Amino acid sequence: MTIASAPGKVIISGEHSVVYGQPALAGALNLRCTAQLQNADKGLVIHAKDLNADLIYSPDDLQAVTQQQPVHQGFDNLAGAVLSVQDPNDIAYSVSISSEIPIGAGLGSSAATSVAIVAALRAHLDQPFDKQDISDLAFRAEKIAHGTPSGIDNTVASLGGLVHFQAGESRSISLDHEIPLIIANSNIPRNTKELVMRVRQRKNTIGPFMDDLLQHMGDLTQMIESSLLDSDLERAGQLFDINHGLLDAIGVNHPKLAQLVTMAREAGAKGAKLTGAGGGGCMIALVDESSKDIVRAAMNLPGVDIYQTSISGRGVELR
Ligand code: MEV
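Residues numbered from 1 in each chain as written. Predicted model: local features only at pLDDT ≥ 70, side-chain atom pairs only at ≥ 80, totals over all residues. Heavy atoms only, no water.

A few words now on the overall build of the protein. The secondary structure content of the protein amounts to 10 helices and 12 strands. Computed over its C-alpha atoms, the radius of gyration of the protein comes to 19 Å, within 12% of the 20 Å expected for a compact globule of 319 residues. With the principal axes as the frame, the protein shows a C-alpha extent of 55 × 45 × 35 Å. Taken across its 319 residues, the protein has 55% of its residues classed as buried. Per element, the accessible surface of the protein, about 13100 Å² overall, is 48% carbon and sulfur. Between the mean site of the 24 positive side-chain charges and the mean site of the 35 negative ones, the protein shows a separation of 2 Å. (Helix = DSSP H or I, 4+ residues; strand = E, 2+ residues; numbered from the N terminus. Rg over C-alpha atoms; globule rule 2.2 N^0.38 Å. Buried < 20%, exposed > 50% of the residue type's maximum accessible area, 1.4 Å probe, protein only. Areas by Shrake-Rupley, 256 points an atom, 1.4 Å probe, with all protein chains shown as cover. Lys, Arg positive; Asp, Glu negative; His and termini not counted. Charge placed at Lys NZ, Arg CZ, Asp CG, Glu CD.)

Here is the structure:
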């Protein structure tokens, strides 16, 4: 049996605009997904404990997934991860998935799962452990799940740490201090693929004005990165607020996220914004030592989960 794990991610800035070639800044979380892979009969069986799902793919089903035909709607990226490494007729595995990353919350659980599966299968086949290769293969699987993903989720899940990502190219950023973030999960379900499509539709309807907004979001990401490198939390926080306003403008806010953002700001956060695809899922608040407990308490609404997490250096790993 081979076991691999990969982290979830939080986008600090640049969600959605990254799909259109603008830069984004994201960090790996210390919440992880683990995949255990072993030989089995022909085809693929996936036990996804946290999703309460046991999925069976016959060799014909696997063939269908390679042709972009849905077999188990919403889960086919997991089969896609195996198919990114091997041909359908060579596949005879059982894979068990367990995850600490909340599902459908914008924290990259899907990409972390794809990355962990690719890494476990490559190790099983004695292929080299190369994080960039693993990320590239997982990206193929993510395309099945998300249509036109930017590649940021699989990149962060593979490399770990803090990553600047643009148009398929990534660069690790080393910070000598932590980024003090609080993450709140609204637990409102949403679908990344639909939200990315929603933005595309608005872009088609509105035209060049939307391009200007997406460009401004990219500029904000550059400014947020330099403010964080300078430890200028005041400036970074204000830039978070502007970024959230633009995410609202492109149509991916949600009343619950708006409420959490307002509460965090009123409780003394330096800034707050939705993170990930939006439409539900999570928001982040930038805090400092003196405000973090008050902000955390203010966001602690019924049904909301709070994570006071740090950016982890650990990317994909074998165990
Ligand atoms: C999802 O975590 C981030 C989006 O920008 C989509 C993507 O980059 O693939 C909304």
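Partitioning the protein into structural domains gives domain 1 (2–174) and domain 2 (179–311). The centre of domain 1, based on its C-alpha atoms, is set 24 Å off from the matching centre of domain 2. Each side of the interface is counted separately: domain 1 has 35 residues, and domain 2 has 40 residues. A combined buried area of about 2900 Å² lies between domain 1 and domain 2, and 62% of that area is made up of carbon and sulfur atoms. (Domains from an automatic or database assignment. Contact = heavy atoms within 4.5 Å. Buried area = accessible area lost by both parts, 1.4 Å probe.)

So, on to the pattern of salt bridges. Applying the stated criterion to the full structure yields 11 salt bridges. Among the ionic pairs, Asp 288 bridges to Lys 270, the shortest N-O distance being 3.3 Å. Residue Asp 288 is found in the loop between β10 (282–286) and α10 (292–298), and its partner Lys 270 is found in the loop between α9 (255–266) and β9 (271–275); the two are separated by 18 residues along the sequence. Salt bridges linked by common partners bring Arg 32, Arg 314 and Glu 317 together as one network. (Salt bridge = Lys/Arg side-chain N within 4 Å of Asp/Glu carboxyl O.)

With that settled, consider helix α7 (residues 208–229). Because each turn of an α-helix spans 3.6 residues, side chains separated by three or four positions in sequence point in the same direction. Helix length check: α7, at 22 residues, gives a terminal C-alpha distance of 32 Å against a target of 32 Å (1.5 Å per residue), a fit within 8%. Of the positions making up α7, those classed as buried are Met 210, Leu 213, Leu 214, Met 217, Gly 218, Leu 220, Thr 221, Ile 224, Glu 225, Ser 227 and Leu 228. Buried residues along α7 sit against β1 (2–13), β2 (24–39), β6 (162–166), β7 (169–173), α6 (192–206) and α8 (233–249). Of the residues trailing α7, Ser 231 is marked for its positive phi of about 55°. (Expected span 1.5 Å × (residues − 1).)

Right, let's talk about the packing of α6 against α7 for a bit. Contact geometry for α6 and α7: axes closest at 6 Å, N-to-C directions at 130°. The pairing of α6 with α7 is recorded here as oblique in orientation. Of the residues in α7, those in contact with Val 199, Arg 202, Lys 203 and Ile 206 of α6 are Pro 208, Phe 209, Met 210, Asp 211 and Leu 214. For the contact of α6 with α7, the class distribution of residues is six nonpolar, no polar and three charged. (Axes fitted to C-alpha atoms, helices over the stretch in contact; angles between N-to-C directions. Parallel < 35°, antiparallel > 145°, perpendicular 65-115°, else oblique. Nonpolar A, V, L, I, M, F, W, Y, C, P; charged D, E, K, R; others polar.)

This paragraph deals with the pairing of β2. In terms of residue burial, β2 counts as a mostly covered element, since 12 of its 16 residues are buried. Pairing analysis gives 10 bridges linking β1 to β2, with the strands arranged antiparallel. Across the sheet, Thr 2 pairs through a bridge with Leu 37, a residue of β2. (Pairing = 2+ DSSP bridges.)

This brings us to the site of the ligand. Near the ligand, the surroundings consist of Lys 9, Ile 11, Glu 15, His 16, Val 18, Val 19, Pro 149, Ser 150, Ile 152, Asp 153, Val 196 and Ala 277. Contacts to the ligand include Ser 150, whose side-chain N or O atom sits 2.5 Å from an oxygen atom. The side chain of Asp 153 places a nitrogen or oxygen atom 3.3 Å from an oxygen atom of the ligand. In isolation the ligand offers 300 Å² of accessible surface; the protein chains occlude 96% of this area. For the shell around the ligand, the secondary structure elements donating two or more residues are β1 and α5 (152–159). (Near = heavy atom within 4 Å. Polar contact = N/O pair within 3.5 Å; in protein donor to acceptor, adjacent residues only side chain to side chain.)

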